[in-house]
Amino acid sequence: MTEDDLYALLLDAHRGLGEAESHALNARLVLLLLSDAADRARAADLIVKARDVAEDGSSTT
Amino acid sequence: MAFDFAPLAMPDPPPVGRVPVVIVGAGPVGVTLAIDLAQRGVASVVLDAKDRVSNGSRAICWAKRTLEIFDRLGIGDRMLAKGVTWTVGRLFHGAKEVYAFDLLPEAGHKYPAFVNLQQYYVEHYLIERASDFPDLIDLRFHSSVTDHTDRGGHVVLRVEAPGGAYALEADYVIACDGSGSPIRKRMGLPFEGQSFDEHFLIADVEMAENPYASDAAERHFWFEPPFHPGESALLHKQPDDIWRIDLQLSPDADRQAEATEARVLPRLKAMLGDTPFRMDWLSVYRFRCARLDRFIHGRVIFAGDSAHVVSPFGARGGNGGVQDADNLGWKLAAVLDGAPGALLATYDEERGHAADENILNSSRATTFMTPKTPVERLLRTEVLRLSHDHAAIRPFINSGRLSKPASYEGLTLQGPPPAGTPLRDARIQTADGPRWLIEVVPGHACLLILGAPDVTVPPDLSVLRVAADGSPSEAVAIDIDSQTRARLGWDVAHLLRPDGHIAETLTSGDVAPALARLRVAQPVVAE
């Protein structure tokens, strides 16, 4: 399965949802992915990295 | 030096009663098919209402596979010599470059991943090449098909030409008459799919100097650039100092107003800055992805845009159409020569599969470029922002998945996967000096034997052998730098279809069953 396949599935999952429902879907997906991550230290590191992205896309740390 | 759009001087030809094939439309697909058929000894009449090659650059990116097909048809070298070869694409988000990619990092292929060349040059080369077959290709411009009737065993066409109207009969009619296909409309065939609301402006500008830092010919794509806020933009180099620019416009853009120089020039100046340029061509359009449910309707067969249309990001329209012609030519020639008509059904099966793949890829690219809802826009924005520093996210960015040849893997004519892919090119030493594999394979079925597989070869099948070392002879070529071994395996035999796709790969056993399948194949009809 390619990135394009995954992205299409993600957009499909959001289809027809309101903003709050989409927000909740994203939150559930993040939690499922975190719980599924075999490498907990890596997951913790990615939380920090996701936070530290500047407006123009550069990392702030 | 811009292209000279001289009218094609076509003397009014004498009508002929009955021909094997009438091709309607003398664009790249129609004339490709006429040449392919002529090389197989099949005569065709090509009809086109226009009187010169197409105005505007239109299809400009010609993919490796298409160039390999054109090589077999005799215009590949011209395309390569005139076209702008590029392999590097750069992707920008805002003012910053996110990353660059190289489409063909591997040496040892005759043709690059892409050359850029205006469609009018391609049509011009094809028409010139067609004139090498005066007894087999009857190219008639100024000739409109105004009606046709499928009589079961043949089709009767009514043609209007400057010399008057006449009737023409054909065993098969191939509709290569474009996205607005009059033949498709006359038959009332549904042409369904997905439409997109956004407008796109395409402009060709003549510009002697490169407005960007790099001198190399590259594909540049921007999401939300400073010069065109919130939208996307594409820049491509063509020969003759012509540059293709695509600018996305909002869904509520006024198509008429946007297609005026007064509106376009400020947009281009914002992009190009102080670089002097001259407008060459412009068009504002909305696109859609759609296809016919079936490409074969009795004795009328659809190929190219008349059968399927895609959005342009990915260069899948022109390339897909040429590959239709490549797929249809040998099958049509075989059926006219007495092969079972069922062989034609594999054209529908294989190119229908290819059309689906092209439509899927181009509609996904368009979806990424034109987010429909706030959450789609949010996801895209974060893909782009993360991609600056997180390489693993970059494959999610979709600025067009560039045309790749469809594999016919798993379909009727092929043996077990991975058979179905087109032959990969490699350098080989022949008795005539170094050549390319794609140059030496014939346009008919043949067996490519690499090393020494334990296979039984049918007596009526032509054979090409490649050995690991030794001296080349008329019968045996020699692998260079193990390219053939690395790309195609060793001690194997590949049965090649006339279009160069691999029908079956064997390490041992009898080739005859695979060859028989290729000659009389009947696809399984899906319920």
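Residues numbered from 1 in each chain as written. Chains lettered and ligands numbered in written order. Predicted model: local features only at pLDDT ≥ 70, side-chain atom pairs only at ≥ 80, totals over all residues.

**Student:** Which residues make up the overall build of chain B, and what values go with them?
**Tutor:** Check the secondary structure of chain B and you find 13 helices and 30 strands. Taken against the 2.2 N^0.38 rule, which gives 24 Å for 527 residues, the C-alpha radius of gyration of chain B at 24 Å falls within 12% of a compact globule. Expressed along its principal axes, the backbone C-alpha trace of chain B runs to roughly 65 × 60 × 50 Å. A buried classification covers 46% of the 527 residues belonging to chain B. A fraction of 71% describes how many contacts in chain B between residues 6 or more apart in sequence connect residues 24 or more apart. (Helix = DSSP H or I, 4+ residues; strand = E, 2+ residues; numbered from the N terminus. Rg over C-alpha atoms; globule rule 2.2 N^0.38 Å. Buried ≥ 20, exposed ≤ 12 C-beta atoms within 10 Å, placed from the backbone. Contact = placed C-beta atoms within 7 Å.)

**Student:** With reference to specific residues and values, describe the sheet that holds strand β28 (residues 492-496) of chain B.
**Tutor:** Hydrogen bonds between backbone atoms are what pair the strands of a sheet, whose relative direction is either parallel or antiparallel. Residue and element names in this part refer to chain B. Strand order across the open sheet formed by 7 strands is β23-β22-β27-β26-β24-β28-β29, with mixed pairing between neighbours. Single-partner strands in this sheet number two, and they are β23 (433-436) and β29 (502-506). The average angle at which neighbouring strand axes cross in this sheet is 30°, direction not considered. Sheet analysis places strand β22 (residues 427-430) next to β23, joined by 4 bridges and oriented antiparallel. Across the sheet, I428 pairs through a bridge with R435, a residue of β23. (Pairing = 2+ DSSP bridges. Axes fitted to C-alpha atoms, helices over the stretch in contact; angles between N-to-C directions.)

**Student:** With reference to specific residues and values, describe the packing of helix α1 (residues 28-39) of chain B against helix α4 (residues 119-130) of chain B.
**Tutor:** Residues and elements named next belong to chain B. Orientation of α1 relative to α4, taken along the N-to-C sense of each, is 25°, at an axis distance of 10 Å. In terms of their interaxial angle, α1 and α4 are classed as roughly parallel. Between α1 and α4 lies a crossing of left-handed hand. The segment α1 lies against α4, with P28, V31, T32, A34 and I35 engaging Q119, V122, E123, L126, I127, R129 and A130. Classifying every residue of the contact of α1 with α4 by side-chain character gives 8 nonpolar, 2 polar and 2 charged. (Parallel < 35°, antiparallel > 145°, perpendicular 65-115°, else oblique. Left-handed = near helix turned anticlockwise from the far one by under 90°. Nonpolar A, V, L, I, M, F, W, Y, C, P; charged D, E, K, R; others polar.)

**Student:** How would you explain the interface of chain B and chain A if you had to name every residue and give the values?
**Tutor:** Contact with chain B, which involves 18 residues of that partner, is made by 14 residues of chain A. Mapped by element, the contributors of at least two residues to the side of chain B that touches chain A are α9 (342-369) and α10 (374-387) of chain B. At 7 residues, the largest contribution of residues to the side of chain B that touches chain A is made by α10(B).

**Student:** Could you give an account of the environment of A38(B), with specific residues and numbers?
**Tutor:** Residues and elements named next belong to chain B. With respect to the helices and strands, A38 occurs in helix α1. Separated by 420 residues in the primary sequence, A38 and P458 have C-alpha atoms spaced 27 Å apart. If we ignore the near neighbours within four places in the chain, the residues touching A38 are F133, L136 and I137.

**Student:** Just give me the short version of unusual backbone geometry, but keep the residues and values in it.
**Tutor:** All names here are of chain B. Following P417, the chain continues into P418 via a peptide bond in cis, with omega recorded as 10°. Along the chain, the position of P418 falls in the loop between α10 and β22. In this structure, H142 is a non-glycine residue whose phi angle is positive, near 55°. Following the sequence through the fold, H142 ends up in the loop between β8 (137-140) and β9 (144-150).

**Student:** I'd like to hear about the pairing of strand β13 (residues 199-206) of chain B, residue by residue, with values.
**Tutor:** Residue and element names in this part refer to chain B. Taken across its 8 residues, β13 has 6 buried, putting it largely inside the fold. Pairing of β13 with strand β16 (residues 242-249) involves 8 bridges; the strand directions are antiparallel. Bridge assignment links D204 to a residue of β16, and that residue is R244. Both β13 and strand β17 (residues 278-285) contribute to a ladder of 7 bridges, which runs antiparallel. Looking at β17, one finds that I202 is bridged to S283.

**Student:** Break down the nonpolar core for me, with residues and values.
**Tutor:** In this structure, V22(B), V24(B), L33(B), A34(B), I174(B), I301(B) and A303(B) are the most contacted members of the largest nonpolar core, which totals 107 residues. Judged by nonpolar contacts, the second largest core, of 28 residues, contains V98(B), I245(B), L379(B) and I397(B). (Core = buried A, V, L, I, M, F, W, Y, C linked by C-beta atoms within 7 Å.)

**Student:** Got a sec to walk through the sheet that holds strand β4 (residues 84-86) of chain B? Specific residues and values, please.
**Tutor:** Residue and element names in this part refer to chain B. Strand order across the open sheet formed by 3 strands is β3-β7-β4, with antiparallel pairing between neighbours. Two strands lie at the open edges of the sheet, namely β3 (61-63) and β4, each paired on one side alone. Averaged over all pairs of adjacent strands, the angle between strand axes in this sheet comes to 30°, irrespective of strand direction. In this structure, β3 lies alongside strand β7 (residues 114-116), joined through 3 bridges in antiparallel fashion. Directly across from C61, in β7, lies its bridge partner N116. This element, helix α2 (residues 64-73), spans β3 and β7 of the sheet and lies at about 75° to β3.

**Student:** Break down the environment of H388(B) for me, with residues and values.
**Tutor:** Mapped onto the secondary structure, H388(B) falls in the loop between α10 and β22. In this structure H388(B) comes out as buried when scored by C-beta crowding, with 21 C-beta atoms within 10 Å. Remark: the alpha-carbon pair of H388(B) and I35(B), spanning 353 residues in sequence, is separated by 47 Å. In contact with H388(B), other than residues within four places in its own chain, are G57(A), S58(A), K96(B) and V98(B).

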